[in-house]
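# Notes for the structure review
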Amino acid sequence: MTKIILDCDPGHDDMMAIMLAAASDELELLGITTVAGNQTGSKTFENARKIITLLNLDVPLARGADKPIVRELITAPQIHGNSGLDGAELPGADAPYLGCHAVDFIIDSVKASKDKITLVPTGPLTNIGLALIKAPEIKKNIEQIVLMGGAVYDSNMTPGSEFNIFVDPEAAREVFLCGLPVTMVGLDVTNKSLMSFEQAEEMIGWGGRISSVVGPLMKFFGQSNLDYFGINGAPIHDALTVATLVNPDVVEFENWFVDIETQGELTRGQTVADVYRVTGNEPNCRVAMKVNNDLFMSIMMDAVKKLDGMVD
Ligand code: RIB
Ligand code: CA
């Protein structure tokens, strides 16, 4: 069983990542930490509390950074709405939470674990970058960092960058160059990991406590992606990232050296992948470049159905 800490900015697809992690026997969810990204830090934290309440999860929750390490925060209301989770009413944010900062929760949890922990960030990498800066010694007890972010040939913030990396490129560079194995699940595969509007309607038809909320949220998320990017469905970026730990057959990887552009004006936050190995640098990253979306969707739909049965 893989022990993970999920660092997220819910966010519709972050919610699906939390759900998949909660439903998967292959994973032990040691904690959830939140970061500003899709919406402000207060809103992503509130959304995480609502999701944990909905799922009736017993999991530690800690709030993290409200802004990137250096830059000003940029959010994504055009995709996730003003709340960061528009499209359905969730139960109140009643889930308990820890008083410590997410960075300290990550550091303390990694230090205390008898087994190595896998960090799974699905938002801007601010918390992870700060944890590695504050306590680099934790690297010896981290198995790998499996992150949603970046792209080799795709983009969604500028023509050359993806949102999570664009928002905090300095934190991202800290992570990609920290020396730990990094798995990058980027837009090259996640923009193909689409839940269709028909699948969202199918979930609504199940009438379960979880599916009745997830279906409308996926319809909202799919519509905003259709309106803004012309993508015909809901690209559940973050859930695919978790799915690579549930069933590695959902994606195929390439091993490349990847660095992060932090100085460029047009290229801020670009994940620069050495696909032709011209730098002479050893690969530091497994980059997901192919996705089996049928397999992924079957995993995702089964997870929601399982949660319907788990949560009365
Ligand atoms: O670019 C997509 C990523 O940015 C996803 O993680 C989404 O939730 C947002 O955080
Ligand atoms: Ca996210």
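Residues numbered from 1 in each chain as written. Chains lettered and ligands numbered in written order. Predicted model: local features only at pLDDT ≥ 70, side-chain atom pairs only at ≥ 80, totals over all residues. Heavy atoms only, no water.

- If you look the protein up in an unreviewed UniProt entry, it shows as Nucleoside hydrolase from Candidatus Thalassospirochaeta sargassi.

### Focus on helix H10 (residues 211–229)
- Taking 1.5 Å of rise per residue, the 19 residues of H10 would be expected to cover 27 Å, and the 26 Å separating its terminal C-alpha atoms lies within 8% of that figure.
- Looking only at H10, the buried set comprises Ser211, Val213, Val214, Gly215, Leu217, Met218, Phe221, Gly222, Ser224 and Asn225.
- A positive backbone phi angle near 75° is found at Gly230, which sits one or two residues after H10. (Helix = DSSP H or I, 4+ residues; strand = E, 2+ residues; numbered from the N terminus. Expected span 1.5 Å × (residues − 1). Buried < 20%, exposed > 50% of the residue type's maximum accessible area, 1.4 Å probe, protein only.)

### Focus: the environment of Gly207
- As for its placement among the helices and strands, Gly207 is situated in the loop between helix H9 (197–206) and H10.
- For Gly207, a relative accessible area of 54% translates into the label exposed.

### What to know about the packing of aromatic side chains
- Within this structure, the stated rule accounts for two aromatic pairs.
- Relative to Tyr97, the ring of Phe45 lies with its centre 5.0 Å away and its plane at 90°, an arrangement referred to as edge-to-face. Within this pair, whereas Phe45 is found in helix H2 (residues 41–55), its partner Tyr97 is found in the loop between helix H3 (77–80) and helix H4 (102–112), the two being separated by 52 residues in sequence.
- On the basis of relative accessible area, Tyr97 is assigned to the partly exposed category, the value being 46%.
- Aromatic pair Tyr228 and Phe229: ring centres 4.9 Å apart, planes at 85°, arrangement edge-to-face.
- We classify Phe229 as partly exposed; its relative accessible area is 34%.
- In this structure, Arg268 packs its charged tip against the face of Phe166, placed 4.0 Å from the ring centre.
- Across from the ring centre of Phe253, 4.0 Å away, lies the NZ or CZ of Arg286, which sits over that ring. (Phe/Tyr/Trp six-rings, centres within 6.5 Å; stacked < 30°, edge-to-face > 60°. Lys NZ or Arg CZ within 6 Å of the ring centre and 35° of its normal.)

### A few points about the environment of Met300
- By the element assignment, Met300 lies in helix H12 (residues 293–310).
- Taking relative accessible area as the criterion, Met300 reaches 0% and is therefore assigned buried.
- Remark: the alpha-carbon pair of Met300 and Ile69, spanning 231 residues in sequence, is separated by 33 Å.
- Excluding residues within four positions of it along the chain, Met300 makes contact with Met16, Leu20, Met195, Ile236 and Ala239. (Contact = heavy atoms within 4.5 Å.)

### Re the site of ligand 1
- Ligand 1 sits among Asp9, Asp13, Asp14, Asn38, Thr122, Met148, Asn156, Glu162, Phe163, Asn164, His237 and Asp238.
- One nitrogen or oxygen atom from the side chain of Asn156 is found 2.8 Å from an oxygen atom belonging to ligand 1.
- Between ligand 1 and Glu162, the relevant distance is 2.6 Å, taken from an oxygen atom to a side-chain nitrogen or oxygen of the residue.
- If ligand 1 stood free it would expose 280 Å²; the protein chains cover 97% of that surface. (Near = heavy atom within 4 Å. Polar contact = N/O pair within 3.5 Å; in protein donor to acceptor, adjacent residues only side chain to side chain. Areas by Shrake-Rupley, 256 points an atom, 1.4 Å probe, with all protein chains shown as cover.)

### Examining the nonpolar core
- Met16, Met195, Met218 and Ile236 are the most contacted members of the largest nonpolar core, which has 58 residues in total.
- The set of elements that each furnish at least two residues to this core consists of strand S1 (2–8), helix H1 (12–23), strand S2 (27–34), H2, H9, H10, helix H11 (237–246) and H12. (Core = buried A, V, L, I, M, F, W, Y, C linked by side-chain atoms within 4.5 Å.)

### Let's talk about the coordination of the calcium ion (ligand 2)
- With distances of 2.2 to 2.6 Å, the protein atoms coordinating the calcium ion (ligand 2) are Asp9 (OD), Asp14 (OD), Asp14 (OD), Thr122 (O) and Asp238 (OD).
- Sequence positions of the donors to the calcium ion (ligand 2) reduce to the motif D-x4-D-x107-T-x115-D. One end of the pair, Asp14, is in helix H1; the other, Thr122, is in the loop between strand S4 (117–121) and helix H5 (126–134), with 108 residues separating them in the sequence. Both residues of the pair, Asp14 and Thr122, belong to the buried class. (Donors = N, O, S within 2.8 Å, 3.2 Å for Na, K, Ca; no water.)

### Here we look at the pairing of S2
- Buried residues dominate S2, accounting for six of its eight residues.
- Sheet topology places S1 next to S2; seven bridges connect them, and they run parallel. Looking at the pairing, Thr2 lines up with Leu27 of S2.
- Note that the unit made of S1, H1 and S2 has a crossover that is right-handed. (Pairing = 2+ DSSP bridges. Right-handed = clockwise from strand over helix to strand, strands pointing away.)

### Points about the sheet that holds S4
- As summarised here, the arrangement of the eight strands in space is S3-S2-S1-S4-S5-S6-S12-S9, forming an open sheet in which the pairing is mixed. Two strands in the sheet have a free side with no partner beyond their single neighbour: strand S3 (61–63) and strand S9 (251–256). Strand-to-strand twist of the sheet, defined as the mean angle between neighbouring strand axes without regard to direction, takes the value 25°.
- One ladder, built from four bridges, connects strand S5 (residues 142–148) with strand S6 (residues 182–185); its direction is parallel. In the sheet register, Ile145 faces S6, and the bridge partner there is Val182.
- Together, S1 and S2 form the strand contacts of H1, whose direction differs from that of S1 by roughly 160°. (Axes fitted to C-alpha atoms, helices over the stretch in contact; angles between N-to-C directions.)

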